[in-house]
Amino acid sequence: LYFFSWAAFLSSAYVLTSIVQQYRLVDVTNFPSNLVRWYLFLISSVVVFGTSSKLKPLTCGPDDTSTSGGRVIDFDFDFGNRDLSLLCRTTKYAICLGVVSAGLALI
């Protein structure tokens, strides 16, 4: 799920820049590179936030198991007996990091 989000972002960015260059909507030779970096930082933080918020219900479920659509997921099998509280804390950290990063990029 995480890598597919990045693949979708990169392919959509490629298609968008191809359209912009083909129809000459924006003069990319005079576009400030510093602004492009801030846009990339904003988009990457939104991808991190979106992916981790999608994973939060799966990792922070009640009683060491989570429900997803009425189906119980056993993370002891899926993640090789890792501690679920560590996985939940890491997911919450990724959500906070995505929000803070997006906020900093917008300021």
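Throughout this description, residue numbers start from 1 for each chain and increase along the sequence as written. Only residues with pLDDT of at least 70 get local features here, since the model is predicted, and only at 80 or more are side-chain atom pairs given and counted; chain-wide, interface and lining totals rely on the full set of residues. The side-chain numbers reported here are obtained from all heavy atoms of the structure, hydrogens and water having been left aside.

Draft legend 1. Highlighting the overall build of the protein chain. Helix and strand counts for the protein chain stand at four helices and two strands. What counts as a helix is a DSSP run of H or I of at least four residues, what counts as a strand is a run of E of at least two, and both are numbered from the N terminus. Counting helices and strands in the order they occur from the N terminus, the protein chain gives α-α-β-β-α-α. Residues classed as buried in the protein chain amount to 21% of the 107 residues present. Sequence-distant contacts in the protein chain: of pairs separated by 6 or more residues, those separated by 24 or more amount to 65%. Accessibility throughout is a Shrake-Rupley quantity obtained with a 1.4 Å probe, and a residue counts as covered only by protein chains that appear here. Only carbon and sulfur atoms are counted for the fraction: they give 66% of the accessible area of the protein chain, which is about 8,100 Å². Under the scheme applied here, a residue whose accessible area is under 20% of the maximum for its type counts as buried, over 50% as exposed, and between as partly exposed, the area being computed with a 1.4 Å probe on protein chains only. Contacts are assigned to residue pairs that have any heavy atoms within 4.5 Å of one another.

Draft legend 2. The arrangement of the packing of aromatic side chains in detail. Any two rings among Phe, Tyr and Trp, with Trp reduced to its six-membered ring, count as a pair given centres within 6.5 Å; such a pair is stacked if its planes are under 30 degrees apart, edge-to-face if over 60, and tilted if neither. In this structure the tally under the stated criterion is one aromatic pair. Relative to phenylalanine 41, the ring of tryptophan 38 has its centre 5.9 Å away and its plane inclined at 75 degrees; by these criteria the two rings are edge-to-face. A residue pair is termed a helical-turn pair when its members lie 3 or 4 positions apart in one helix, as tryptophan 38 and phenylalanine 41 do in helix α2 (residues 33–59) at three residues. A relative accessible area of 32% means that phenylalanine 41 is categorised as partly exposed.

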